[in-house]
Amino acid sequence: MRKLLFIAVLIPILAGVGWWYFRERSLPDYGPAYREYAYVTNGKSNTVSVIDLRTFELAKTIPVGSEPTGVAANSKKNEIYVVNTGSSNVSVIDAETNAIVATIGVHGRPYFIDVAADGKRAYVANSGSSNVSVIDLEKRLVIGNVRVGAAPGLARISPDGSTVVVSNRADNTVSLIDARLLRVRATLPVCQQPEDIAILPDSSKAFVSCSGSSQVASIALRSDAAKGGEKKDDRVLALLDVGRTPVSLTLKPDGGEMIVCNLDSDSISIIETGNDEVGSSLEIGQHPSHGAVTLDNSRLYVTNFGSNNIAIYDIDMGRRLPTLTVGSRPDGLALTPDQNYLLVLDTESGDVTVIQKRTPRKLEPTEYSLLTLIPVGMQPNAIVIKAFMMTKTAK
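Quick notes on the rules
- Residues numbered from 1 in each chain as written.
- Predicted model: local features only at pLDDT ≥ 70, side-chain atom pairs only at ≥ 80, totals over all residues.
- Heavy atoms only, no water.
- Helix = DSSP H or I, 4+ residues; strand = E, 2+ residues; numbered from the N terminus.
- Contact = heavy atoms within 4.5 Å.
- Areas by Shrake-Rupley, 256 points an atom, 1.4 Å probe, with all protein chains shown as cover.
- Buried < 20%, exposed > 50% of the residue type's maximum accessible area, 1.4 Å probe, protein only.
- Pairing = 2+ DSSP bridges.
- Disulfide = S-S within 2.5 Å.
- Axes fitted to C-alpha atoms, helices over the stretch in contact; angles between N-to-C directions.
- Polar contact = N/O pair within 3.5 Å; in protein donor to acceptor, adjacent residues only side chain to side chain.

Chemist: What should I look at first to understand the overall build of the chain in this one?
Modeler: Along its length, the chain carries zero helices and 32 strands. Residue pairs at least 24 apart in sequence account for 43% of intrachain contacts in the chain once pairs closer than 6 positions are excluded. Taken as a whole, the chain presents about 16800 Å² of accessible surface, with 50% of it coming from carbon and sulfur.

Written as structure tokens, this is what we have:
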């Protein structure tokens, strides 16, 4: 975790912004039962901030466990899951009431949680106890703890629900768990300090960033002949050289390319996932930490942790657009479902910057504008957005 300096940083976000920006956001006519919230974990406040994305206002602050870090949404039910590193448990939030409805104990020092596409299970890597907790989300209990390598940082489930990929930071390996049998089927040596994980949409391949060796490992995931085609075993395909300290991986929605944020070389690398080649690398800003790609695969947004701004890259044109200043130490980010708003977590200044994308006009030629700043808690470090229809009586 990055140490906060707690230096107040004032930015002129609201300068020149007209009153028309503060009206209620225009959304499709889904009716009064529609909700759209952003959930932000505040690591030093032991809370989750709930932002109403219809109005861009703080709707609620929810006390959770100690040192909340990772957060995930269930795509099949209106629930949010918060990992509390300090108290080694998971808080379950009912998105309709924005209240805690359960607390599930896991093992030592968890940081992230991943939810299966069918919404039935979640997976938590426990870095302090070298195992992965498997949670039944219907029963809200742990149904297994699978032993893996040393200090696992992240456990990610493949889109087809068959494989859990685990990055073991302390022994430079990746564990592959059979999600049906709940046992490790392979442990693969990779590169130094494996951390982030990305899995292709067809579940054929996983990529793991290795911050200690400036590489990304490409891993073929086992496929059975019963699914059609040739049977293949788990294996490391390649170790790809990227920039220094690759900390995060961002797949384009079509899966054809992946963006690597290289924190200590101030650059991003673009990997062609089909042939495992580093297609290009370019300077993007000081200490880039996370990226987000629009659903149409046309734009990339990158938080520059060291320069307090957002880099925008036009993927179609292959060029950078002007950067946008945000709060202090930006890290996590998320796009709203309509792709018109970008939310950026400012970890040091304790707020969320909202950036609006709009169609340029004659009097307003800029495509992006800084819309508003929403104070949250201390050290906001993860965000997830949940859009849904209420199933209970709307208040």
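Chemist: In this structure, what is going on with the pairing of strand β5 (residues 79-84)? I would like to understand it.
Modeler: The side chains of a regular strand alternate between the sheet's two faces. Of all the six residues making up β5, six are buried; the element is thus mostly covered by neighbouring parts of the structure. Of the two faces of β5, the one lined by E79, Y81 and V83 and the one lined by I80, V82 and N84 are each fully buried. In the sheet, strand β4 (residues 68-73) pairs with β5 via four bridges, with the strands oriented antiparallel. Residue pairing in the sheet places A73 in a bridge with I80 of β5. As consecutive antiparallel partners, β4 and β5 are separated by five residues. As defined by bridge partners, β5 adjoins strand β6 (residues 89-94) across six bridges and the pair is classed as antiparallel. Across the sheet, Y81 pairs through a bridge with V92, a residue of β6. From the end of β5 to the start of β6, which pair antiparallel, there are four residues, and S88 there has a positive phi angle of about 50°.

Chemist: I'm lost on the state of the cysteines in this one. Help?
Modeler: Formally, a disulfide is one covalent bond, and it connects the sulfur atom of one cysteine to the sulfur atom of another. Scanning the model with the defined rule gives one disulfide in all. Paired by a disulfide, C191 and C210 hold their sulfur atoms 2.1 Å apart. Taking the torsion about the S-S bond as the criterion, the C191 to C210 disulfide, at about 65°, is right-handed. Remark: C210 occurs in strand β17 (residues 205-210) and C191 occurs in the loop between β15 (183-189) and β16 (194-199); sequence separation between them is 19 residues. An identical accessibility class is assigned to C191 and C210; each is buried.

Chemist: Would you mind going over the sheet that holds strand β7 (residues 99-105) with me for this structure?
Modeler: Whether parallel or antiparallel, the strands of a sheet pair through hydrogen bonds between backbone atoms. Spatially, β4-β5-β6-β7 is the arrangement adopted by the four strands of the open sheet, whose pairing is antiparallel. A single partner strand is all that each edge strand has here, and the edge strands are β4 and β7. Pairs of neighbouring strands in the sheet enclose a mean axial angle of 25°, with direction left out of account. Where β6 meets β7, six bridges bridge the pair, whose relative direction is antiparallel. For V92, the partnering residue across the bridge sits in β7 and is A102.

Chemist: Where do I start with the environment of N308 in this structure?
Modeler: Mapping N308 onto the fold places it in the loop between β25 (299-304) and β26 (309-314). Through-space distance from the C-alpha of N308 to that of T325 is 6.1 Å; in sequence the pair is 17 residues apart. Residues in contact with N308, not counting those within four places in the same chain, are L324, T325, V326, G327, S328, R329 and P330.

Chemist: Sorry if this is basic, but what is going on with the sheet that holds strand β1 (residues 34-42) here?
Modeler: Across the sheet, four strands lie side by side as β3-β2-β1-β32; this open sheet has antiparallel pairing. Of all the strands in the sheet, just β3 (57-63) and β32 (380-389) have a single pairing partner and so form its edges. Between one strand and the next, the sheet's axes are offset by a mean angle of 25°, whatever the strand orientation. Of the strand pairs in this sheet, β1 and β32 are connected by nine bridges, and their pairing is antiparallel. Within β32, the residue paired with Y34 across the bridge is M389.

Chemist: Is there a simple way to explain the side chain of T69 in this structure?
Modeler: Residue placement: T69 occurs in strand β4. Among the residues examined, T69 registers a relative accessible area of 8% and is labelled buried. Here the side chain of T69 touches Y111 through a polar contact of 2.9 Å, landing on its backbone oxygen.

Chemist: Explain the pairing of β25 here, please?
Modeler: When you tally the buried positions in β25, you get six out of six residues, the bulk of the element. A two-sided burial pattern is seen for β25, the buried positions comprising R299, Y301 and T303 on one face and L300, V302 and N304 on the other. Where strand β24 (residues 288-293) hands over to β25, the hairpin turn is made up of five residues, of which N297 adopts a positive phi near 65°. Pairing of β25 with β26, which is carried by six bridges, proceeds in the antiparallel orientation. When the bridges of β26 are listed, L300 appears paired with Y313. Turn length for the β25-β26 hairpin, with the two strands adjacent in sequence and antiparallel, is four residues, and the turn residue N308 shows positive phi of about 55°.

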